[in-house]
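Geometric and topological summary
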Amino acid sequence: MKDKTTQDRVVLITGAGKGIGRAVAELLARRAEAAASPLRLCLAARTRSDLEALKTRLDSGSVNCEVVAGDLADAPTQPVEACVARFGRIDALIHCAGVGRFKDFLDQTAEDLEFTLKTNVTATFLLLQRTYALMQAQAPREGLRGQIQVVTSVAAEQPFLQSSTYCVSKYAQRGLLDVMKLYGRQDGIRILEIKPGAAYTPMWGEVPPEQLARMMTAEDVAQPMVDALELSSRAALESLTIRPLHGDL
Ligand SMILES: NC(=O)c1ccc[n+]([C@@H]2O[C@H](COP(=O)([O-])OP(=O)(O)OC[C@H]3O[C@@H](n4cnc5c(N)ncnc54)[C@H](OP(=O)(O)O)[C@@H]3O)[C@@H](O)[C@H]2O)c1
């Protein structure tokens, strides 16, 4: 008999402790539970207490969570290794972990730049490279070797004031994903770039009520991401822009 865990869908979510990543985990778990469809979730972020609390909420008859606490800037491939050690494969990586320091161009320091690039660019590159290698080597399931979703931003293709280091990192992520799509088409690995506009999450800190009223929620962004996982394996959604109804802030 086959090991049961190798037949269940395995999803690794980075940035799962807060914001968009947490909303994706919650929605995936709700749908798995409703469909009584087995789901193995690897929840990665820096803050262990966030992940443990989420695991406690999501673990159920259908959903089984593993927590991987650590800083991607120090150990970019750790969540991948932990996920494979626990569940044997990765059907989907949903990479939501990301940072930003928002201030005027002339106030951005070398340390701000290094901090932002370390997580958003270097760690992202190494995390995706390791995941891709693993997916390329695994047997296809329902026509796909794997799916990789990366949350970049509308700031990956559009400049914003106070976002110089952030835009550098997000434009770089987009460049990487555009290259990966070329490989993904050859290998049956679906690559999706998600470009959200403003969604209210802990990344924003305090915002004035009139601004808050115009923003999306993390759940608004999570819903099309989870829907995209279910697309027919004959199709690849490669880019998804989702912004507030009345446009960018
Ligand atoms: N919210 C928006 O309006 C918006 C718009 C466009 C794009 N985005 C992008 O969407 C992604 C998610 O943003 P969000 O708004 O959900 O942010 P968030 O609420 O700040 O959550 C970010 C999550 O990523 C984790 N994380 C950050 N850096 C990490 C690192 N070096 N190693 C491991 N985990 C790390 C955080 O863990 P800890 O909390 O434990 O540190 C947290 O769980 C980011 O890439 C962001 O740039 C957001």
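Our structure is the block above this text.
Residues numbered from 1 in each chain as written. Predicted model: local features only at pLDDT ≥ 70, side-chain atom pairs only at ≥ 80, totals over all residues. Heavy atoms only, no water.

Moving on to the site of the ligand. Close contacts around the ligand come from 30 residues, with K18, R46, T47, Y166 and T201 the closest. Between the ligand and R46, the relevant distance is 2.6 Å, taken from an oxygen atom to a side-chain nitrogen or oxygen of the residue. T119 has a polar side-chain atom sitting 3.1 Å from a nitrogen atom of the ligand. For the ligand, the accessible surface in isolation is 890 Å², of which the surrounding protein chains cover 94%. Of all the secondary-structure elements, those providing two or more residues to the shell around the ligand are α1 (19-35) and α5 (164-187). Residue composition of the shell around the ligand, by class: 15 nonpolar, eleven polar and four charged. (Near = heavy atom within 4 Å. Polar contact = N/O pair within 3.5 Å; in protein donor to acceptor, adjacent residues only side chain to side chain. Areas by Shrake-Rupley, 256 points an atom, 1.4 Å probe, with all protein chains shown as cover. Helix = DSSP H or I, 4+ residues; strand = E, 2+ residues; numbered from the N terminus. Nonpolar A, V, L, I, M, F, W, Y, C, P; charged D, E, K, R; others polar.)

Working note: α-helix, 3.6 residues per turn, so residues spaced by three or four point in the same direction. Between the first and last C-alpha of helix α7 (residues 218-229) there are 17 Å, a value that for twelve residues agrees with the 16 Å anticipated at 1.5 Å per step. Burial in α7 covers these residues: A218, V221, A222, M225, V226, A228 and L229. Axial view of α7: buried residues confined to an arc of 150°, hence all on one face. (Expected span 1.5 Å × (residues − 1). Buried < 20%, exposed > 50% of the residue type's maximum accessible area, 1.4 Å probe, protein only. Arc of directions from axis to C-beta.)

Time to look at the sheet that holds strand β9 (residues 239-242). Strands sit in the order β3-β2-β1-β4-β5-β6-β9 across an open sheet of seven strands; the sheet is parallel. Every other strand in the sheet has two partners, leaving β3 (63-69) and β9 as the edge strands with one partner each. The average undirected angle you get between the axes of adjacent strands in this sheet is 15°. Contacts between helix α2 (residues 48-58) and the sheet are confined to β2 (39-45) and β3, with β3 contributing the most and set at about 175° to the helix. The strands that α5 touches are β5 (146-151), β6 (189-196) and β9; relative to β6, the one it contacts most, it runs at about 155°. (Pairing = 2+ DSSP bridges. Axes fitted to C-alpha atoms, helices over the stretch in contact; angles between N-to-C directions. Contact = heavy atoms within 4.5 Å.)

One number sums up the size of the second largest pocket: a volume of about 490 Å³. In terms of lining residues, the second largest pocket is bounded by 23 residues, among which R9, E142, Q147, L229 and E230 are the most central. When residues of the lining of the second largest pocket are traced back to their parent elements, those giving at least two are α1 and β5. (1 Å grid on protein atoms, 1.4 Å probe; cavity = no way out; pocket = protein on both sides within 12 Å on 5 of 7 lines; lining within 4 Å. Points joined across faces, edges and corners; volume = space filled by probe spheres on them.)

For the rest of this paragraph, the subject is the nonpolar core. Membership of the largest hydrophobic core comes to 39 residues, with the highest contact counts inside it found for I13, V24, L28, L41, I94 and M225. With eight residues, the single largest contributor to this core is α1. Excluding anything up to four places from it in sequence, M225 contacts I20, V24, I94, C96, Q149, V151, I194 and L240. Within the second largest apolar cluster, 25 residues are counted, among which are C83, L128, L176 and I191. (Core = buried A, V, L, I, M, F, W, Y, C linked by side-chain atoms within 4.5 Å.)

It is worth spelling out the state of the cysteines at this point. Applying the stated rule across the entire model yields zero disulfides. As a non-bridged cysteine, C83 has C42 as the owner of its nearest cysteine sulfur, 3.5 Å distant. Relative accessible area serves as the criterion here: at 0%, C83 is assigned to the buried category. Considering cysteine sulfurs only, C42 is the nearest to C96, which forms no disulfide, with 14 Å between them. Residue classification places C96 among the buried positions, given a relative accessible area of 15%. (Disulfide = S-S within 2.5 Å.)

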